[in-house]
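# Structural features, examined
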Amino acid sequence: LNTQKYPLGIPPPSEKDWPKEDEEDFFLLDPDRKCDALPQPFRMINKLVMQVFESAMEVIERREMLQEAQKLKVQPKKCFPTAEFQVTERPNCLAVSGKYIFVGLSMGLAAFDTRDFKDVCAWDAAKTEICAIHASDLGNECHALLAVDEMGLAWLFCFHKESFLLIKILNEVKDISQRSTCVEVVLSRGGDYAGILLQGNTKAWLEIYQLPKDSWLTEMEKNAGDAEERRSTSSFEVGTFLLQNLPVSAIQSDVELDPPVLLLTVRPPKPITGTSFKSPLDALKEVDDSVLGLGYNHLIKDSQWELQEAIFRSTYQEYLEAEGVMEEEIPRYAIFHFLLPSQILEGPEMKVQPDIPVGIGVHWDGNHNFCLYLLDHSPQEKADSDLKPDVVWPCAAPIACSAVSSCSRYLALAGEDATITIWDKHLGYPMSVTAILEERFIRSIHFL
């Protein structure tokens, strides 16, 4: 007799009946192959091999997807040289102006014609290495060249009728201990102005020169006519063979061109210190004779600066020690541009031409301000050692680099906070602000 004490039900699974990890798919296995399972440790080795194989297949598939995506992109056109010219010495730099290519060599300068790529003329009188060169077309087959050698000297040349003519070394001094080093040179389009950035032992400054290109063109044309007369006279006396061996630079060796005129000397802004004003009225009176935006006209005393500095250092002492923060120094590098006329740079009685610069834009390393200077300052302002800017554009962060468009209307300022601002210089307002990814530093910016 079978008596049931409890109701029928499904018993709970016991731990011994749980499926093992190795036997999860046991119901899919062939019963005849059940005894063919690998024993340990071969099963573990098999798993490791399969994982490596699957990882390799994932990498291969990912690379194939990237290659397919790359094929769908527009491929850049490969350009191959159409011609070449041989240089006898090591080239360091080059500049193009008109139909000529000027190359700075380890021993002087060389000019090449772009039509046949042949050596036209060379200059090695000073036996110096040229490290940087800028060129501008003055018209009538005349070109202005500004070169910097290995010693930091700025050489100003005039190239006319396949001949180099040295005009002046802009930073040459009699006492070599007082010599300043040229670290940057810029020629304006058309060759009306030239700027050089100089560094001394403890200071730096910017010099802007006006190039008398009209008198240069007149003198070079006059000299070319005299050379033709001498050539026709010498052909009967000396002979054609000797005249052909006479270098062109020797024919023009007696030409003396007018030196450039120093217009401006721009120095870096002074550090902001405590105020000397006793009341707000004194500060407001000073505003009439100064430029807004530099931050000099304030009412913060030296004691307040010192108190704020002490609070800051005590609060962030551990970060300052880790970063090794240095004291504020006078900047020694600047980026500057020649600017064409605009509403901001045009005075009430200025006579300007649309293709000739009327001012310069300067920003010094680590400074927040982009300063604009007019090129037609009065003689009293030229003699002033502390020239004040005509317009100041303050920025939220220190300016890292800048660029001006070819039409000189748009100005791009990149800050150290990786923010790029495009300004309309003609109207004076920002057109766009773009923030780059964090922890990025913009070193160069250009208009295309």
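Residues numbered from 1 in each chain as written. Predicted model: local features only at pLDDT ≥ 70, side-chain atom pairs only at ≥ 80, totals over all residues. Heavy atoms only, no water.

The name an unreviewed UniProt entry assigns to the chain is WDR93 protein, from the organism Pycnonotus jocosus.

A separate point is the overall build of the chain. The helix and strand tally for the chain stands at eight helices and 20 strands. Evaluated residue by residue, the chain yields a buried proportion of 34% over its 448 residues. Looking at the chain alone, contacts between residues at least 24 apart form 51% of all its contacts between residues at least 6 apart. In the structure as shown, the chain presents an accessible area of about 30,300 Å², 55% of it carried by carbon and sulfur atoms. (Helix = DSSP H or I, 4+ residues; strand = E, 2+ residues; numbered from the N terminus. Buried < 20%, exposed > 50% of the residue type's maximum accessible area, 1.4 Å probe, protein only. Contact = heavy atoms within 4.5 Å. Areas by Shrake-Rupley, 256 points an atom, 1.4 Å probe, with all protein chains shown as cover.)

Moving on: the pattern of salt bridges. Scanning the entire structure with this criterion turns up six salt bridges. Across the pair R90 and E129 runs a salt bridge whose closest N-O atoms are separated by 2.5 Å. One end of the pair, R90, is in the loop between α1 (42-72) and β1 (91-97); the other, E129, is in the loop between β4 (119-123) and β5 (130-139), with 39 residues separating them in the sequence. Judged by its relative accessible area of 48%, R90 falls in the partly exposed class. Assessed through its relative accessible area of 17%, E129 is described here as buried. (Salt bridge = Lys/Arg side-chain N within 4 Å of Asp/Glu carboxyl O.)

Of all hydrophobic cores here, the largest spans 25 residues; its most connected members are L146, I196, W216 and L257. Going through the elements one at a time, β6 (142-149), β7 (154-160), β8 (164-169), β9 (181-187), β10 (193-199), β11 (204-210) and α2 (213-237) are the ones with two or more residues in this core. Discounting residues that sit within four places of it in the chain, I196 has contacts with L146, A154, L170, C182, E184, V185, W205, L206, E207, Y209 and F336. By size, the runner-up hydrophobic cluster in this structure holds 20 residues, among which are Y193, A334, Y373 and V392. (Core = buried A, V, L, I, M, F, W, Y, C linked by side-chain atoms within 4.5 Å.)

Read from one edge to the other, the open sheet built from four strands follows the order β5-β6-β7-β8, with strand pairing classed as antiparallel. Looking at which strands have only one partner, the edges of the open sheet turn out to be β5 and β8. Along the sheet, successive strands turn relative to each other by an average axial angle of 25°, direction set aside. Bridging between β5 and β6 involves eight bridges; their strand directions are antiparallel. Among the inter-strand pairings, D137 is bridged to a residue of β6, identified as H143. (Pairing = 2+ DSSP bridges. Axes fitted to C-alpha atoms, helices over the stretch in contact; angles between N-to-C directions.)

Below, the discussion takes up the packing of aromatic side chains. Under the defined criterion, the tally for this structure stands at 13 aromatic pairs. An angle of 35° between the planes, with centres 4.4 Å apart, marks the rings of F85 and F112 as tilted. Of this pair, F85 sits in the loop between α1 and β1 while F112 sits in strand β3 (residues 108-113), placing them 27 residues apart in sequence. Residue F85 is classed as partly exposed on the basis of its relative accessible area of 24%. Overall, the relative accessible area of 3% leaves F112 in the buried class. Their ring planes at 70° and their centres at 4.7 Å tell us that W123 and F157 sit as a pair that is edge-to-face. Of this pair, W123 sits in strand β4 while F157 is found in strand β7, placing the two residues 34 residues apart along the sequence. Note on W123: relative accessible area 10%, which makes it buried. Given a relative accessible area of 0%, F157 falls into the buried group. What links up through ring pairs into an aromatic cluster is the set Y100, F102, W123, W155, F157, F159 and F164. (Phe/Tyr/Trp six-rings, centres within 6.5 Å; stacked < 30°, edge-to-face > 60°.)

Before going further, it helps to examine the sheet that holds β11. Pairing is antiparallel in the open sheet, where four strands are placed in the order β9-β10-β11-β12. Across the chains shown, the open sheet's two edge strands, defined by having one partner strand only, are β9 and β12 (261-266). Here the average twist between neighbouring strands, direction ignored, is 20°. Note that β11 and β12 share five bridges and pair antiparallel. Bridge pairing links Y209 to L262 in β12.

On to the environment of L109, then. Structurally, L109 can be placed in strand β3. Sequence-wise, L109 and C93 are 16 residues apart; in three dimensions their C-alpha atoms are separated by 9.9 Å. Leave out the neighbours within four places in its chain, and L109 touches V103, G104, C121, A122, W123, I130, I133, F157 and F164.

Taken together, the side chains of E54, E58, E61, E64 and E68 present a region of like negative charge at the surface. Assignment of secondary structure puts E61 in helix α1. The partly exposed category is assigned to E61, whose relative accessible area is 46%. (Patch = residues over 30% accessible without salt bridge, like charges linked within 9 Å, V, L, I, M, F, W, Y side chains within 5 Å. Lys, Arg positive; Asp, Glu negative; His and termini not counted. Charge placed at Lys NZ, Arg CZ, Asp CG, Glu CD.)

What follows covers the environment of F370. As for its position among the elements, F370 is in strand β15 (residues 369-374). Between the alpha carbons of F370 and C395 there is a distance of 7.7 Å; along the sequence they are 25 residues apart. Sequence-distant contacts of F370, that is, excluding residues within four places in its chain, are made with G361, V362, H363, V391, V392, W393, I399, S402, L411 and L413.

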